[in-house]
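Tertiary structure, described
In case you want the letters, here they are:
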Amino acid sequence: MKNKLLLLLFTFSVFATILKAQDQENAGSLTSGTISSQFDYLNTISNNYQDYKVVKKAHLDRIRQNVTDSLNVFKNELIALKQDLRERQNEIAELQSQMSDLRGQLESAEKARDSFSFLGIPIHKSAYSSMMWMIVALLTGAFLFFLYKYSLSHKVISKARKDLEETREEFDQHRKNTLERERKLKRELVDALNQKAL
């Protein structure tokens, strides 16, 4: 267990030493690090002369090259970003165009869903529904009217039949009475004729 702990401690100290050495190397180099750190390094390695710093021409050229390279990288990045921005704006414009087309298609689909052709005339479903309910109401009203008229005529026909039956009964009764009278009269006539003949 102690060996493992010692090994771990040793490994940690080696890595810490390597990292510290890299930080020192980065802090003092004209070939790596940021432009600001390179200027700081140049300032530290330059000689002093009264209030001035004397910089070696090779170091100054190296800094100039580094700054130019950095500016070129930034310019290239800026050009790439502008190109990317243009492409995205084109995509946005295309998507907006597609979205407006889709909105138009959606509106036409909604109109097509809410309306249809009836007898060759495009009509909205709600208007068609209202018209059909009006027709149903009119037909129901007409049915009820004719039903009322039928019941009235049925009552009239029933009364007429009843009156006809009563008239027939009266007529039959009258005919029976008339036949009996005729028979009586015929008998009386036959009786009278028989009495005259005797």
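So, a few notes on the structure that sits alongside this text.

What to know about the overall build of the chain
- In terms of regular secondary structure, the chain is built from 4 helices and 4 strands.
- Ordering the α and β elements of the chain from the N terminus gives α-α-β-β-α-β-β-α.
- Among the 198 residues that make up the chain, the fraction classed as buried is 5%.
- Taking as baseline every contact in the chain between residues at least 6 positions apart, the subset at least 24 positions apart corresponds to 24%.
- When the accessible area of the chain is evaluated, it comes to approximately 18,100 Å², of which 62% is carbon and sulfur surface.

Comments concerning the environment of Asp114
- Among the structural elements, Asp114 can be located in helix α3 (residues 57-114).
- Residue classification places Asp114 among the partly exposed residues on the basis of a relative accessible area of 25%.
- When the C-alpha atoms of Asp114 and His124 are compared, they prove to be 5.8 Å apart, with 10 residues separating the residues in sequence.
- Every residue in contact with Asp114, bar those within four places of it in the chain, is listed here: Ile123, His124 and Lys125.

Things to note about a negative patch on the surface
- A cluster of acidic residues, Asp163, Glu166, Glu169 and Glu170, forms a negative patch on the protein surface.
- In this fold, Asp163 is placed in helix α4 (residues 125-197).

What about the pattern of salt bridges?
- Scanning all chains against the criterion turns up 4 salt bridges.
- Put simply, Arg168 and Glu165 hold a salt bridge, and the shortest N to O gap is 4.0 Å. With Arg168 and Glu165 both in helix α4 and 3 residues apart, the pair spans about one turn of that helix.
- Residue class for Arg168 comes out partly exposed when judged on its relative accessible area of 48%.
- With relative accessibility at 41%, the residue Glu165 sits in the partly exposed group.
- With a shortest N-O distance of 3.5 Å, Asp172 and Arg175 are connected by a salt bridge. In this pair, Asp172 and Arg175 both sit in helix α4, 3 residues apart, roughly one turn of the helix.
- The class for Arg175 is partly exposed, based on a relative accessible area of 46%.

A few points about the packing of helix α2 (residues 35-45) against α3
- Put simply, α2 and α3 touch, their axes get as near as 11 Å, and they point 175 degrees apart. Accordingly, the angle class assigned to the pair α2 and α3 is roughly antiparallel. From α2, Ile35, Gln38, Phe39, Leu42 and Ile45 reach across to α3, where they touch His59, Ile63, Asn66, Val67 and Ser70.
- A breakdown of the residues in the contact of α2 with α3 according to their chemical character gives 6 nonpolar, 4 polar and no charged.

Brief notes about a nonpolar patch on the surface
- Judged by side-chain polarity, Phe143, Leu144, Leu147 and Tyr150 come together as a nonpolar surface patch covering roughly 460 Å² of accessible area.
- Examined against the element boundaries, Tyr150 turns out to sit in helix α4.
- According to the relative accessible area criterion, Tyr150 is exposed, its value standing at 54%.

A short note on the side chain of Asn66
- Note on placement: Asn66 falls in helix α3.
- Not counting residues within four places of it along the chain, the set of residues in contact with Asn66 comprises Leu30, Ile35 and Gln38.

Some thoughts on the packing of aromatic side chains
- Counting across every chain of the model gives 1 aromatic pair.
- Ring centres of Phe145 and Phe146 lie 5.5 Å apart, and the angle between their planes is 65 degrees; on these two criteria the pair is classed as edge-to-face.
- Its relative accessible area of 56% is what places Phe146 among the exposed residues.

Reading guide: rules and limits
Residues numbered from 1 in each chain as written. Predicted model: local features only at pLDDT ≥ 70, side-chain atom pairs only at ≥ 80, totals over all residues. Heavy atoms only, no water. Helix = DSSP H or I, 4+ residues; strand = E, 2+ residues; numbered from the N terminus. Buried < 20%, exposed > 50% of the residue type's maximum accessible area, 1.4 Å probe, protein only. Contact = heavy atoms within 4.5 Å. Areas by Shrake-Rupley, 256 points an atom, 1.4 Å probe, with all protein chains shown as cover. Patch = residues over 30% accessible without salt bridge, like charges linked within 9 Å, V, L, I, M, F, W, Y side chains within 5 Å. Salt bridge = Lys/Arg side-chain N within 4 Å of Asp/Glu carboxyl O. Lys, Arg positive; Asp, Glu negative; His and termini not counted. Charge placed at Lys NZ, Arg CZ, Asp CG, Glu CD. Axes fitted to C-alpha atoms, helices over the stretch in contact; angles between N-to-C directions. Parallel < 35°, antiparallel > 145°, perpendicular 65-115°, else oblique. Nonpolar A, V, L, I, M, F, W, Y, C, P; charged D, E, K, R; others polar. Phe/Tyr/Trp six-rings, centres within 6.5 Å; stacked < 30°, edge-to-face > 60°.

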